[in-house]
Amino acid sequence: MTEPNIQDVGENNIMETDSINIGASHERAMELGDHRVNTTEIENRQLTPTIEENELCDLDTEPILLDEEASLVKNMEECMQEATQEQSIQNAGENCRNSYEQSYFQQGQIQEIGRCSWDKATKHNYVRGCLWSPDGTCVLTAVHNDGMQVFELPQDIYGAQEVSSARSVNLMEPAVHVPQTTLVYDYKWYPGMDSSVPGTSVWIASRQHEPIQLWDAYTGELRCSYKGYNNVDEVESALSLTWSIDGEHIYGGYKKSIKKFDVKTPGREICTYPTKVTASCMTICTPFPNMVLFGSWSRTITALITDSKETIQVGNSSRGQGHGAGITWLKFIPRTNLFVSGGRKDSKLIIWDIRDLTKPYHVLQRTCDTNQRIYFDSSPYGEWIISGNTDGIVRAWNLLDIDEDRKSYRQHAFPLHRDCCNGVSFHPSKPVIATTSGQFHAEKINDDDELEISFINEQENSLTLWWIGKSTNGLSEE
């Protein structure tokens, strides 16, 4: 098989979307058959939504829950009125639920379908989060001291409606491996990624002492770089990343600014938005594409209006309405007006409503007693939130279901890992989630004042795929 022909892009050259010429697909595209068709690139290709438009419904209704403080002081009459409103909202939601999401976590257990482990303690490998590609064919992860790696969805899962409990676990190997050079800060898939169009099969990553880099998901080759400069004209590393909704621009979060890059033009930024704090994490506000939400290590969350460069503060951390430590991750819930924030060494997952940014909409509880980023994610239809926890448990909340105490959303807890579960990601169209486990384990000093590796029975460093839909006791039919 011939090797793909990648056109070199210099630091100062202009790259058009269709200027990257791939002569032949990677071998794994041939193995996937109809799922990855070798085709030419499409000029000016529009983003293809994962969910069909005719399946959409309006979930932008009034919130199901008030904040906890308000719900505690409601009298019986108010509770009865609230119950009527909640029931009507839930009935409306039932009519438009995705068929897969109705079955998520409903059998009280989930099934492991694939795993890759890094077990050599001397290499200090631990996995740092994971992200499914927008087309659902592969999952991207970063491994401490082992670079960035891409793993493929098992073949039999593509057409599966149910999975047999007798199904064996796939021992996965990376299809693409970008070797470790330095610490990976953040990484994001191109939002229009489609494996049948190799030119779109890319992700961006920010790494220590390096500019933002665009990587090829077929070959692991570096496509091009986007360089942010500080006030003394030195290249600095972005600490966080996000794409514009249309995929035409990249936003990089820096120590005192957010910089905007044109995807078609590698090199220097095209716009800079000064900030007073470090942008430690970012996300695009889906209902308002010109709004970027970013968190900081100073416990603040800010909404940036890119058109006018105006900023709006979210909540007030000094009044106990925010996080007690730095913000490490933000996630917008699809098809709603809500987004979620999480912080380091902070057990709170705070849900915010962009219609009222002055106070939290609701607060969920998880276990997070580390400075390491602990990821959380929302399902494609916005009905579920899942989060990793430092106790190895994956917690899931159904946003269309209220618990017995009527104070929060119904929670499901699954003890999936022996070590810290730091990453979770929903598959965009299948009842599958990916989780990652591991954390830094400090070396200890023995009686002879010599360093030695602490071998802990609970230490686990893995990427694992889980089936969260319907299961059968017999063999599943393909």
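Residues numbered from 1 in each chain as written. Predicted model: local features only at pLDDT ≥ 70, side-chain atom pairs only at ≥ 80, totals over all residues. Heavy atoms only, no water.

### Quick notes on the overall build of the protein
To be explicit about the condition: Only DSSP runs of H or I covering at least 4 residues are called helices, and only runs of E covering at least 2 are called strands; the numbering of each starts at the N terminus. Pairs of residues are marked as contacts when any of their non-hydrogen atoms sit within 4.5 Å.
Of the regular secondary structure elements, the protein holds 4 helices and 35 strands. In the protein, the proportion of contacts linking residues at least 24 apart, taken out of those at least 6 apart, comes to 58%.

### As for the pairing of strand β21 (residues 310-314)
Selection criterion: Pairing between strands requires that DSSP locate at least two bridges from one strand to the other.
Relative to β21, strand β20 (residues 301-305) runs antiparallel, the two sharing 5 bridges. Within β21, the position partnered with Thr-302 by the bridge is Gln-313. Where β20 folds back on β21, the antiparallel hairpin that results is connected by 4 residues, among which Lys-309 adopts a positive phi of roughly 65 degrees.

### Details of the environment of Pro-334
Tracing the chain through its elements places Pro-334 in the loop between β22 (327-332) and β23 (338-343). Expressed as a C-alpha distance, the spacing of Pro-334 and Tyr-381, which sit 47 residues apart in the sequence, is 6.0 Å. If we skip the residues at most four places from it in the chain, Pro-334 touches Ser-378, Ser-379, Pro-380, Tyr-381 and Gly-382.

### Some thoughts on the side chain of Asp-216
Counted only if it meets this: Only protein chains enter the accessibility calculation, which uses a 1.4 Å probe; a residue is then buried when its area is under 20% of its type maximum, exposed when over 50%, and partly exposed in between. Polar contact is defined as a pair of N or O atoms within 3.5 Å, subject to the rule that within protein one atom must be able to donate a hydrogen and the other to accept it, and that residues adjacent in sequence are counted only when both atoms are side-chain atoms.
Relative to the helices and strands, Asp-216 is located in strand β10 (residues 212-216). The class of Asp-216 is buried, set by a relative accessible area of 0%. For Asp-216, the side chain forms a polar contact with the main-chain nitrogen of Tyr-218, separated by 2.7 Å.

### Description of the sheet that holds strand β14 (residues 249-253)
In plain terms, the rule: Angles run from 0 to 180 degrees between N-to-C directions of axes, and those axes are lines fitted to C-alpha atoms, restricted for helices to the stretch in contact.
Strand order in the open sheet made by the 4 strands is β13-β14-β15-β17, with antiparallel pairing throughout. Only two strands of the sheet have a single partner each, and these edge strands are β13 (240-243) and β17 (271-274). Going from strand to strand, the sheet's axes swing by 20 degrees on average, the running direction of each strand aside. Alignment of strand β15 (residues 257-262) against β17, held across 4 bridges, turns out to be antiparallel. Following the sheet pairing, Lys-260 is matched in β17 by Cys-271.

### Considerations on the nonpolar core
Selection rule: Remark: nonpolar core denotes a set of buried residues (Ala, Val, Leu, Ile, Met, Phe, Trp, Tyr, Cys) joined through side-chain atoms within 4.5 Å.
In terms of nonpolar packing, the biggest core is built from 31 residues, with Met-148, Tyr-187, Trp-189, Trp-203, Ile-351, Ile-385 and Tyr-409 touching the most fellow members. Among all residues touching Ile-385, those that are not within four sequence positions of it are Ile-333, Val-340, Ile-351, Leu-364, Asp-377, Ser-378, Arg-395, Ala-396, Trp-397 and Leu-399. Ranked by size, the runner-up nonpolar core spans 20 residues in total, among them Cys-116, Trp-118, Ile-157 and Ala-160.

### A few points about the pattern of salt bridges
For clarity, the cut-off: Here, a salt bridge means any Lys or Arg side-chain nitrogen found within 4 Å of an Asp or Glu carboxyl oxygen.
Summed over all chains, the structure comprises 13 salt bridges. The salt bridge involving Arg-268 is made with Asp-233; its shortest N-O contact spans 2.7 Å. Here Arg-268, found in strand β16 (residues 267-268), pairs with Asp-233, found in the loop between β11 (222-229) and β12 (235-236); they are 35 residues apart in sequence, far enough to count as distant. Relative accessible area serves as the criterion here: at 43%, Arg-268 is assigned to the partly exposed category. The class for Asp-233 is partly exposed, based on a relative accessible area of 48%. Here the residues in one salt-bridge network are Glu-112, Arg-115 and Glu-460, joined through shared partners.

### Quick word on unusual backbone geometry
The phi dihedral of His-209 is positive, around 65 degrees, even though this residue is not glycine. Secondary-structure assignment places His-209 in the loop between β9 (202-207) and β10. At Arg-406, a residue that is not glycine, the phi angle is positive and equals roughly 60 degrees. With respect to the helices, strands and loops of the structure, Arg-406 is situated in the loop between β28 (393-402) and β29 (409-415).

### With respect to the confidence of the model for the protein
Our working rule: Per residue, pLDDT measures the predictor's confidence, with a range of 0 to 100.
Put simply, the protein has an average pLDDT of 79, and 72% of its residues get 70 or more. Per-element mean pLDDT across the protein ranges from 38 in helix α2 (residues 68-72) up to 98 in β14. Considering only residues more than four positions removed or in separate chains, one finds that residues 1-96, a stretch of pLDDT under 50, has 155 contacts. Note that pLDDT drops below 50 for residues 451-457; the model gives that stretch 15 contacts with residues more than four away or on any other chain.

### As for the packing of aromatic side chains
In this description, an aromatic ring pair is defined by two values, namely the gap between the centres and the angle between the planes. Definition in use: Only Phe, Tyr and Trp rings are paired, with Trp represented by its six-membered ring, and only when their centres lie within 6.5 Å; those with planes under 30 degrees apart are stacked, over 60 edge-to-face, the remainder tilted. For a lysine, the NZ atom is tested; for an arginine, the CZ atom; a charge sits over a ring if that atom is within 6 Å of the ring centre and within 35 degrees of the ring normal.
A full pass over the atoms with the stated rule returns 10 aromatic pairs. With centroids separated by 5.8 Å and ring planes inclined at 15 degrees, the aromatic side chains of Tyr-104 and Phe-426 adopt a geometry described as stacked. Here Tyr-104, found in the loop between α4 (99-102) and β1 (111-117), pairs with Phe-426, found in strand β30 (residues 421-426); they are 322 residues apart in sequence, far enough to count as distant. Just as Tyr-104 is buried, Phe-426 falls in that class too. Put simply, the rings of Tyr-104, Phe-105, Trp-384, Phe-414 and Phe-426 pair up and form one aromatic cluster. Against the face of Tyr-254 rests Lys-259, its NZ or CZ located 5.5 Å from the ring centre. Over the ring of Tyr-229 we find Arg-268, and its NZ or CZ is 4.1 Å from the ring centre.

### Observations regarding the environment of Asp-391
Turning to its location among the elements, Asp-391 is positioned in the loop between β27 (384-387) and β28. Beyond its immediate chain neighbours, meaning those up to four positions away, Asp-391 contacts Thr-367, His-417 and Asp-419. Here the side chain of Asp-391 touches Thr-367 through a polar contact of 3.4 Å, side chain to side chain.

### Points about the sheet that holds strand β24 (residues 348-353)
Each strand in a sheet pairs with its neighbour through backbone hydrogen bonds, running either in the same direction (parallel) or in the opposite one (antiparallel). Strand order in the open sheet formed by 4 strands is β22-β23-β24-β25, and the pairing between neighbours is antiparallel. Either end of the sheet is taken by a strand with one partner, and the two such strands are β22 and β25 (362-365). Each strand of the sheet is rotated relative to its neighbour by a mean of 20 degrees, with strand direction disregarded. With 4 bridges joining them, β24 and β25 adopt antiparallel strand pairing. Considered in β25, the bridge of Ile-351 is made with His-362.

### Observations regarding the side chain of Thr-336
On the secondary structure map, Thr-336 appears in the loop between β22 and β23. Within the structure, the side chain of Thr-336 is placed 3.1 Å from the backbone nitrogen of Leu-338, a separation counted as a polar contact.

### What about the environment of Pro-289?
As for its placement among the helices and strands, Pro-289 is situated in the loop between β18 (281-284) and β19 (291-295). The spatial distance from the C-alpha of Pro-289 to the C-alpha of Ile-305 is 9.2 Å, given a sequence separation of 16 residues. If we skip the residues at most four places from it in the chain, Pro-289 touches Ile-245 and Ile-284.

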